[in-house]
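Residue-level structure breakdown
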Amino acid sequence: MYSEKVMDHFQHPRNVGEIENASGVGTVGNAKCGDIMRIFLDIDDETHIIRDCKFKTFGCGAAVATSSMATEMVKGKTIEEAMKLTNKAVMEALDGLPPVKVHCSLLAEEAVHAALWDYAQKHHIEIEGLKKPKSDIHEGEEDEAEEY
Ligand code: FES
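Per an unreviewed UniProt entry, the chain carries the name Fe-S cluster assembly scaffold protein NifU and comes from Blautia segnis.

Points about the pattern of salt bridges
Summed over all chains, the structure comprises eight salt bridges. One salt bridge connects E18 with K56, and the closest N-O pair in it is separated by 2.6 Å. On the criterion of sequence distance, the pair formed by E18 in the loop between α1 (4-11) and β1 (24-29) and K56 in strand β3 (residues 50-58) is long-range, its members being 38 residues apart. On the basis of relative accessibility, which here comes to 48%, the residue E18 falls in the partly exposed class. Here D52 makes a salt bridge to K75, at a shortest N to O gap of 3.9 Å. Note that D52 is positioned in strand β3 and K75 in the loop between α2 (61-74) and α3 (79-83), a separation of 23 residues in sequence. Salt bridges here are not isolated pairs; linked through shared partners, they connect D42, D44 and R51.

Things to note about the side chain of S3
Here S3 is to be found in the segment before α1. Overall, the relative accessible area of 16% leaves S3 in the buried class. From its side chain, S3 meets the backbone oxygen of L94 in a polar contact 2.6 Å long. Ignoring any residue separated from it by four or fewer positions in sequence, one finds S3 in contact with L94, D95 and G96.

Quick look at the pairing of β3
Bridge count for strand β2 (residues 36-43) against β3 is eight bridges, and the pairing is antiparallel. Paired with R38 across the bridge in β3 is K56. Where β2 folds back on β3, the antiparallel hairpin that results is connected by six residues, among which H48 adopts a positive phi of roughly 60°.

Describing the nonpolar core
Among the nonpolar cores identified, the biggest contains 37 residues, and I39, L41, V74 and L116 are the most heavily contacted of them. Put simply, the parts of the chain that give this core at least two residues each are β2, β3, α2, α3, α4 (87-93) and α5 (102-123). Here this core takes 10 residues from α5, the largest share from any one element.

Reading the values: the criteria
- Residues numbered from 1 in each chain as written.
- Predicted model: local features only at pLDDT ≥ 70, side-chain atom pairs only at ≥ 80, totals over all residues.
- Heavy atoms only, no water.
- Salt bridge = Lys/Arg side-chain N within 4 Å of Asp/Glu carboxyl O.
- Helix = DSSP H or I, 4+ residues; strand = E, 2+ residues; numbered from the N terminus.
- Buried < 20%, exposed > 50% of the residue type's maximum accessible area, 1.4 Å probe, protein only.
- Polar contact = N/O pair within 3.5 Å; in protein donor to acceptor, adjacent residues only side chain to side chain.
- Contact = heavy atoms within 4.5 Å.
- Pairing = 2+ DSSP bridges.
- Core = buried A, V, L, I, M, F, W, Y, C linked by side-chain atoms within 4.5 Å.

Listed below in structure tokens is the structure:
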């Protein structure tokens, strides 16, 4: 059912954890399954390069694998490059996901965008193409995730 890469990233997820004093934090939830994903970004304010990216995911195996791959893919990229990260690209990098698990990969894309939104808000900048995340959940508001 799952590719070897999905299994690898599920069993040995990269970049798990938190970044203290992160430049941007984004938390998103999936209304249907109740899974939650949080992405932490450490961004260089001068170059806008993402120096580090970590995640915490309370979710299914596909959500863990896509978070792991997404963090690998945005590390070392500029904000503009990270904006181009789509769930499709993450799925391709994982050699695909079963159709019923495609929605799980959306969490990774949305969480990266939510973390970038948080960074933009804190620094009063605009990031081209970035929209306010619909499902951003703030610290301590996890209970509201069920409402999405
Ligand atoms: Fe919820 Fe995969 S089933 S994110």
